[in-house]
Amino acid sequence: MIAIGCDHAALALKETIKKHLKERGFEVEDFGCFSSESVDYSDYALMVAEAVAGGKCEKGILVCGTGIGMSIAANKVKGIRCAHCSDTFSAKATRQHNDANILALGERVVGVGLALDIVDCFIDTPFSNEERHMRRINKISAIENKYFK
Ligand code: RB5
């Protein structure tokens, strides 16, 4: 199950990504928003991040105007490694190296074609499982344990 969420600035891209993922055979849980009325991206980042951190969804996709606010907010949830990507190289690398579990995209930054390619790279690329990458991710967890309540 893939969790997806957006704010008013990225409703169209969220709907396009959701349709694309469903056509590819993935189950998608849509946490909103569902209209172009102005909302706060942080509320949607929290819902998607909690669904991923809690294990209800294996990955998440968050879209806002830039993708930046969503990524900042999602990364405040323990266990979340949200990668803000505007290119396919980064989307692939963040799965291989960082085992990122949420992708953040900006509708005002990337076109639809590139956005869907980024989504596919993110969804299709496995974590490398290499020792050096696991060690670094474990150190991120140690930072969380030091600073999160
Ligand atoms: C909304 O205007 C905009 O600030 C939001 O979508 C996002 O870009 C924030 O990071």
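The structure we're discussing is the one just above.
Residues numbered from 1 in each chain as written. Predicted model: local features only at pLDDT ≥ 70, side-chain atom pairs only at ≥ 80, totals over all residues. Heavy atoms only, no water.

Participant: Can you lay out the nonpolar core for me, pointing to particular residues and giving the numbers?
Facilitator: Among the nonpolar cores identified, the biggest contains 43 residues, and Ile17, Ile61, Ile102 and Leu105 are the most heavily contacted of them. At the level of secondary structure, the elements contributing two or more residues to this core comprise strand S1 (2-6), helix H1 (11-23), helix H2 (41-53), strand S3 (59-64), helix H3 (68-74), strand S4 (82-84), strand S5 (102-106) and helix H5 (112-124). If sequence neighbours within four positions are ignored, Ile102 has contacts with Val48, Ala49, Val52, Gly60, Ile61, Leu62, Ala74, Ile80, Arg81, Cys82, Ala83 and Phe122. (Core = buried A, V, L, I, M, F, W, Y, C linked by side-chain atoms within 4.5 Å. Buried < 20%, exposed > 50% of the residue type's maximum accessible area, 1.4 Å probe, protein only. Helix = DSSP H or I, 4+ residues; strand = E, 2+ residues; numbered from the N terminus. Contact = heavy atoms within 4.5 Å.)

Participant: Please set out the packing of aromatic side chains residue by residue, giving values where relevant.
Facilitator: One pass over the structure, following the stated rule, counts zero aromatic pairs. Sitting above the plane of the Phe122 ring, Arg95 keeps its charged end 6.0 Å from the centroid. (Phe/Tyr/Trp six-rings, centres within 6.5 Å; stacked < 30°, edge-to-face > 60°. Lys NZ or Arg CZ within 6 Å of the ring centre and 35° of its normal.)

Participant: Got a sec to walk through the packing of helix H4 (residues 88-98) against H5? Specific residues and values, please.
Facilitator: Packing of H4 against H5 leaves a shortest axis separation of 8 Å and a crossing angle of 15°. If you check the angle between H4 and H5, you find them roughly parallel. When you trace H4 past H5, the crossing you get is right-handed. Contacts between H4 and H5 involve Thr88, Ala91, Lys92, Thr94 and Arg95 from the first element and Leu114, Asp117, Ile118, Cys121 and Phe122 from the second. A class-by-class count of the residues in the contact of H4 with H5 yields five nonpolar, two polar and three charged. (Axes fitted to C-alpha atoms, helices over the stretch in contact; angles between N-to-C directions. Parallel < 35°, antiparallel > 145°, perpendicular 65-115°, else oblique. Left-handed = near helix turned anticlockwise from the far one by under 90°. Nonpolar A, V, L, I, M, F, W, Y, C, P; charged D, E, K, R; others polar.)

Participant: Any chance you could break down the side chain of Arg95 for me, citing the residues and the numbers?
Facilitator: As for its position among the elements, Arg95 is in helix H4. Looking at Arg95, its side chain comes within polar contact range of the main-chain oxygen of Ala100, at 2.9 Å. (Polar contact = N/O pair within 3.5 Å; in protein donor to acceptor, adjacent residues only side chain to side chain.)

The values reported here are purely geometric and, on their own, carry no functional implication.
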